[in-house]
Amino acid sequence: MSDPKPLLLVAACALVDSDNRVLIAQRPEGKSLAGLWEFPGGKVEPGETPEETVIRELYEELGVVTKVACLAPLTFASHAYERFNLLMPLFVCRRFENTPQSREGQALKWVRANRLRDWPMPPADEPLIPFLEDLL
Ligand SMILES: Nc1nc2c([nH]c(=O)n2[C@H]2C[C@H](O)[C@@H](COP(=O)(O)OP(=O)(O)OP(=O)(O)O)O2)c(=O)[nH]1
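Report follows, based on the coordinates. (Residues numbered from 1 in each chain as written. Predicted model: local features only at pLDDT ≥ 70, side-chain atom pairs only at ≥ 80, totals over all residues. Heavy atoms only, no water.)

## Quick notes on the site of the ligand
Then, number 1: Lining the immediate surroundings of the ligand are 17 residues, of which Arg27, Ser32, Phe39, Tyr81 and Asp125 lie closest.
Then, number 2: Contact distances for the ligand include 2.6 Å between an oxygen atom and a side-chain N or O atom of Ser32.
Then, number 3: In the environment of the ligand, a nitrogen atom lies 3.3 Å from a nitrogen or oxygen atom belonging to the side chain of Glu38.
Then, number 4: When the ligand is considered free in solution it has 610 Å² of accessible area, and contact with the protein chains removes 84% of it.
Then, number 5: Of all the secondary structure elements, the ones that give two or more residues to the shell around the ligand are β4 (41-43) and β6 (85-93).
Then, number 6: If one sorts the elements of the shell around the ligand by residue count, β4 sits on top with 3 residues.
Then, number 7: Its residues placed into classes, the shell around the ligand shows 9 nonpolar, 3 polar and 5 charged. (Near = heavy atom within 4 Å. Polar contact = N/O pair within 3.5 Å; in protein donor to acceptor, adjacent residues only side chain to side chain. Areas by Shrake-Rupley, 256 points an atom, 1.4 Å probe, with all protein chains shown as cover. Helix = DSSP H or I, 4+ residues; strand = E, 2+ residues; numbered from the N terminus. Nonpolar A, V, L, I, M, F, W, Y, C, P; charged D, E, K, R; others polar.)

## Observations concerning the side chain of Thr75
Then, number 1: Mapped onto the secondary structure, Thr75 falls in strand β5 (residues 72-80).
Then, number 2: Among residues more than four places away in sequence, those in contact with Thr75 are Met88, Pro89, Leu90, Leu128 and Phe131. (Contact = heavy atoms within 4.5 Å.)

## What to know about the packing of aromatic side chains
Then, number 1: Scanning all chains against the criterion turns up 2 aromatic pairs.
Then, number 2: When the ring of Trp37 is compared with that of Trp119, the centres are 5.5 Å apart and the planes differ by 65 degrees; the resulting orientation is edge-to-face. In this pair, Trp37 is assigned in strand β3 (residues 37-38) and Trp119 in the loop between β7 (108-112) and α2 (129-135), connecting sequence segments 82 residues apart.
Then, number 3: The exposure class of Trp37 is buried, given its relative accessible area of 5%.
Then, number 4: When the ring centre of Tyr59 is taken as reference, the NZ or CZ atom of Arg103 above it lies at 4.7 Å. (Phe/Tyr/Trp six-rings, centres within 6.5 Å; stacked < 30°, edge-to-face > 60°. Buried < 20%, exposed > 50% of the residue type's maximum accessible area, 1.4 Å probe, protein only. Lys NZ or Arg CZ within 6 Å of the ring centre and 35° of its normal.)

Shown next as structure tokens:
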């Protein structure tokens with residue numbers, strides 16, 4: 001039998017602007033799931049809380065500064081990928097400093113929640129969309 005698949009903990013965030021639009025970022029060529037649109041975030045590193053991961057990734061990927069008190073838990077994704085099982089809490093953040101900039105070459109887009117389906121997302125993300133539609 002093959003080894004059991006590891007559980008991968010990733011923390012992600014829906015940044016919401018004053019117009020109630022959500023920021024998505026396109027995964028660059030060369031990465032897994034390249035070309036798909038995702039919520040900013042990344043793997044939770046050892047010793048980090050998911051909130052710390054989101055704060056770090058928002059800064060690294062987008063130059064955005066926020067704090068734990070500005071992150072509200074919304075829901076989570078759970079998806080069996082071929083090589084791992086993904087568990088991904090999704091936070092919502094409306095209060096942040098700096099306009100998001102592409103710091104890692106990724107395309108960025110502000111999208112209404114009810115238009116998220118127009119942008120192909122990783123399979124794990126599809127069940128998250130109704131939660132954002134309800135919220136926004
Ligand atoms: N940040 C983020 N990751 C997501 C989303 N949906 C989804 O399936 N993922 C997956 C893609 C990656 O396998 C993993 C996040 O890893 P990462 O962003 O820290 O690392 P990475 O691009 O270098 O990943 P990889 O190439 O090693 O797979 O979670 C999402 O909405 N946001």
